[in-house]
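Coordinate inspection notes
Residues per chain are reported as follows:
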Amino acid sequence: MITAGVYAAPVPLSPVPARLLAAQARLAGRVRARVGADGLVAAPCESRVLESALLLGLVRGLAPGDPACDRLTRYLKHALDTDPPDPVQSAVARAVLGEVVAGHADTERMMARFPHFTAGRKRLMFQTLLAHLGAAPWPALPLARYAEYAASGQQSWLGLEMAALKVLAAHGTGRTAELGPGDLDALAPALRPGPVWEANHLARLLGLLALWTDPARRTETSAAIRRVTRELRPDGGLPFITGMDLFATVTGGLALTAAGYGAHASVRRMADAVAARQHADGGFGFTRGVRQSDADDTSYALEFLRATAPGRHVRAVEAAEDHLVALANDDGGVPTFARGVESETAMTAGAANALAPSTRPGPRRTAEAAARFLARAAEEASEREGPGGALHERSWSRNVTNALHRTVLACESLTRTGLDVPRERLAGLRERLLSQLVERRLPDGGWGHEDTGPSDPISTAYAAVALSRSREHALELRSAVDYLADRQRPDGGFTSVPDQAGPRPLLYDAPALADICVLLAWGHALTTPSAAPAGTGAAPAGTSAAPAGTGAAFTAPNGGLTAPSAAAPRAAAAREAPASSAAAPWEASRPPGSASSG
């Protein structure tokens, strides 16, 4: 999603108005306030129509008079009336509510706009669900096809999801004789008591739908369904996943560091909490209790730990590097979950940005391979789809600016660390991406999921991060910053349309991410890169020191990337406002003991 690791470079937005620095300080206070006693940022997800509808169907079959039925029904009707989601979720909800639905055509139209390597599996999932609800024909496929999509080595919850869909299809098409004992055994995680397995409500609900078909397990399935009803959110719905606490902690920590709070005690606690939750394979998952590692969270965690605690957590830094090295594919790209699955642009760019500063041979070779992958992938996309092809990946993030801004930063990281990379090709790619970004600016000064809008704060924040790296685009950067400032709520926070998707392309909402994205954008655009925050310690040998003779501006222990000092925002305010009051808005909101953090 976002990264704070940026090289020292002129910041186009100067001088910075004092009102923007005050707005940044209010926002930073909100992000710090989310840090809990355990050091993680609280980032719960909002209710979603798909999971709420599936749960309603289960509860009606178990106990029609259960109060959860009324709560779920009210949530669904309100969502469909006021803010209907995508066609798949809408069709599922309306079918559960008893309406006549022809969901297959809508699903096909939606999936036709999702040119992704997972599209076949998602189409099978959605059509099977709709067929189970009587809203689509059953897929005319052998049952073995479901198992093929859940091959070993994939993300942990995929096995449960595909096993559940296979059982539903077998019962719906009269092929239960083709099921074996292992098919029902694979559903066991759905019955586990305690916190939802892998924090994934959708996977659990699919498992319970399949288990409901087995009379022998009806008692324990009923008990599990009742446990789920106790997890409804205040609005009466159920989310896709419980939250994104680890993801929000590492990205929020990077945002706070970019805004000048890298030496604050809360950021230190965040780093310690992240390191304590590293998996045995060196990777990280998206929230507490999740055992599945992924490239996204691991890349951000690596960058955050290197930025704030490279000496204290040197082993965690090296283990995270090793995880990304082991994950990388032979083509040089990086997949999300498992080596051998198709490489993805945003994941590769994030890993490259995190690995580029390392002085260890393995991570450096992986970063070099990633550079070649990015250059080649962009050229192939341009040949296939035209000059804008490099922007077309909409994956875990559903907006146009996510993969773009991550690739811009990766191009910069990869060309300033003494790596053996195609520098001219990467420099050309960076310039093309920035030009394409400017072309996609909307009339209100912001950016959105689609080229035609509407604009939203998260998409615009991604754009601002990329634009802050270029002198030539100061006007567009000012536009992005002003767009964001105009949409800050009185409490200092932001509201944005959801950015994250899962199962791709279905959106889900973790509201904390809007604040974090904007804080990071302002950290890039409003602060002057300078020395590292005091007390972070020197980069340990073998992890993040600058390679000899590179000439790179390694002035901070965050992977050779400069962290802005706390003094920089105050200096900017002083340039803009009268001397008597220039620093007051910032100083009033500074964390205790942070005056010397520069």
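Residues numbered from 1 in each chain as written. Predicted model: local features only at pLDDT ≥ 70, side-chain atom pairs only at ≥ 80, totals over all residues. Heavy atoms only, no water.

Points about the packing of helix H18 (residues 402-414) against helix H19 (residues 423-439)
- Across the interface, H18 lies against H19 with an axial gap of 9 Å and an inter-helix angle of 150°. With respect to H19, the axis of H18 lies roughly antiparallel. Between H18 and H19 the crossing geometry is left-handed. For the pair formed by H18 and H19, the contact residues are Leu404, Thr407, Val408, Cys411, Glu412 and Leu414 on the first element and Arg423, Leu426, Leu429, Arg430, Leu433, Leu434 and Leu437 on the second.
- A breakdown of the residues in the contact of H18 with H19 according to their chemical character gives 9 nonpolar, 1 polar and 3 charged. (Axes fitted to C-alpha atoms, helices over the stretch in contact; angles between N-to-C directions. Helix = DSSP H or I, 4+ residues; strand = E, 2+ residues; numbered from the N terminus. Parallel < 35°, antiparallel > 145°, perpendicular 65-115°, else oblique. Left-handed = near helix turned anticlockwise from the far one by under 90°. Contact = heavy atoms within 4.5 Å. Nonpolar A, V, L, I, M, F, W, Y, C, P; charged D, E, K, R; others polar.)

As for empty space enclosed by the protein
- Tallied over the full model, the rule gives 6 cavities of 30 Å³ or more.
- Counted as a void, the largest cavity has a volume near 370 Å³.
- In terms of lining, the largest cavity is formed by 25 residues, of which the most central are Trp157, Phe337, Trp396, Ala501 and Tyr508.
- Top contributing element to the lining of the largest cavity by residue count: helix H6 (residues 119-132), with 3 residues.
- Of the residues in the lining of the largest cavity, the class split is 12 nonpolar, 6 polar and 7 charged. (1 Å grid on protein atoms, 1.4 Å probe; cavity = no way out; pocket = protein on both sides within 12 Å on 5 of 7 lines; lining within 4 Å. Points joined across faces, edges and corners; volume = space filled by probe spheres on them.)

Some points on the nonpolar core
- Counting residues in each nonpolar core, the largest one holds 177 residues, and the members touching the most others are Leu54, Leu55, Leu206, Leu208, Leu414 and Trp522.
- Broken down by element, the residue count for this core peaks at 12 residues, all from helix H22 (residues 512-526). (Core = buried A, V, L, I, M, F, W, Y, C linked by side-chain atoms within 4.5 Å. Buried < 20%, exposed > 50% of the residue type's maximum accessible area, 1.4 Å probe, protein only.)

Quick notes on the packing of aromatic side chains
- A complete count under the given rule lists 5 aromatic pairs for this structure.
- Judged by centre distance (6.1 Å) and plane angle (75°), the ring pair of Trp157 and Phe286 falls under edge-to-face. Of this pair, Trp157 sits in helix H8 (residues 156-172) while Phe286 sits in the loop between helix H13 (265-276) and helix H14 (295-308), and the two are 129 residues apart along the sequence.
- Relative accessible area serves as the criterion here: at 10%, Trp157 is assigned to the buried category.
- By way of ring pairs, the aromatic residues Trp157, Phe286 and Phe337 are connected into one cluster.
- Between the NZ or CZ atom of Arg218 and the centre of the ring of Trp212, over which it lies, the distance is 4.2 Å. (Phe/Tyr/Trp six-rings, centres within 6.5 Å; stacked < 30°, edge-to-face > 60°. Lys NZ or Arg CZ within 6 Å of the ring centre and 35° of its normal.)

Overview of the pattern of salt bridges
- For the structure on display, the rule yields 26 salt bridges.
- With a shortest N-O distance of 3.6 Å, Asp482 and Arg19 are connected by a salt bridge. Of this pair, Asp482 sits in helix H21 (residues 474-486) while Arg19 is found in helix H1 (residues 18-33), placing the two residues 463 residues apart along the sequence.
- Where Asp272 meets Arg312, a salt bridge forms, and the shortest distance between an N and an O atom there is 2.9 Å. Remark: Arg312 occurs in the loop between H14 and helix H15 (314-327) and Asp272 occurs in helix H13; sequence separation between them is 40 residues.
- In this structure Asp272 comes out as partly exposed when scored by relative accessible area, which is 29%.
- One connected set of salt bridges, linked through shared partners, spans Arg30, Arg489, Asp491 and Asp515. (Salt bridge = Lys/Arg side-chain N within 4 Å of Asp/Glu carboxyl O.)

Considering the environment of Pro234
- Within the secondary structure, Pro234 sits in the loop between helix H11 (218-229) and helix H12 (245-258).
- A relative accessible area of 79% means that Pro234 is categorised as exposed.
- Spatially, the C-alpha atom of Pro234 lies 9.1 Å from that of Ser47, the residues being 187 residues apart in sequence.

Section: the side chain of Arg430
- As for its placement among the helices and strands, Arg430 is situated in helix H19.
- Here Glu431 takes part through its side chain, which lies 2.5 Å from a polar atom of the side chain of Arg430.
- What Arg430 contacts, discounting residues up to four positions off in sequence, is Val408, Cys411, Glu412, Arg469 and Ser470. (Polar contact = N/O pair within 3.5 Å; in protein donor to acceptor, adjacent residues only side chain to side chain.)

So, the layout of surface pockets
- Roughly 200 Å³ of volume is contained in the second largest pocket.
- Contributing to the lining of the second largest pocket are 14 residues, with Pro195, Val196, Ala199, Arg288 and Gly289 lying nearest its centre.
- Residue composition of the lining of the second largest pocket, by class: 6 nonpolar, 4 polar and 4 charged.

A closer look at the packing of H15 against helix H17 (residues 361-385)
- Packing of H15 against H17 leaves a shortest axis separation of 9 Å and a crossing angle of 45°. Here H17 runs oblique to H15, going by the angle between their axes. For the pair H15 and H17, the crossing hand works out as left-handed. Between H15 and H17, the residues in contact are Glu321, Leu324 and Val325 and Gly362, Pro363 and Thr366, respectively.
- Tallied by class, residues from the contact of H15 with H17 come to 3 nonpolar, 2 polar and 1 charged.

Describing the confidence of the model for the chain
- Counting all residues, the mean pLDDT for the chain is 84, and 84% of those residues have values of 70 or more.
- Low pLDDT, under 50, characterises residues 1-10; the predicted model gives this stretch 56 contacts beyond four residues in sequence or across chains.
- Low pLDDT (under 50) marks residues 528-598, which in the prediction has 164 contacts with non-local residues, meaning those over four places away or in another chain. (pLDDT = per-residue confidence, 0-100.)

Thoughts on unusual backbone geometry
- With an omega of -15°, the peptide bond running from Gly502 to Pro503 counts as cis.
- By the secondary structure assignment, Pro503 is in the loop between strand S1 (500-501) and strand S2 (507-508).
- Note that the residue after Arg504, namely Pro505, is joined by a cis bond; omega there is 15°.
- Mapped onto the elements, Pro505 comes out in the loop between S1 and S2.
- Not every positive phi belongs to a glycine, and Glu198 is a case in point at roughly 55°.
- Take Glu198: it is sitting in the loop between helix H9 (181-185) and helix H10 (201-211).
- The phi dihedral of Ala199 falls on the positive side, at around 60°, and the residue is not glycine.

Some words on helix H5 (residues 103-112)
- Buried within H5 are the following residues: Gly103, Thr107, Met110 and Met111. Summarising the axial view, the buried residues of H5 lie within an arc of 95°, below the 170-degree limit, and thus occupy one face. The exposed residues of H5 that point more than 90 degrees off its buried face are Arg109 and Ala112.
- Its buried side turned inward, H5 meets helix H4 (87-96) and H6. (Arc of directions from axis to C-beta.)

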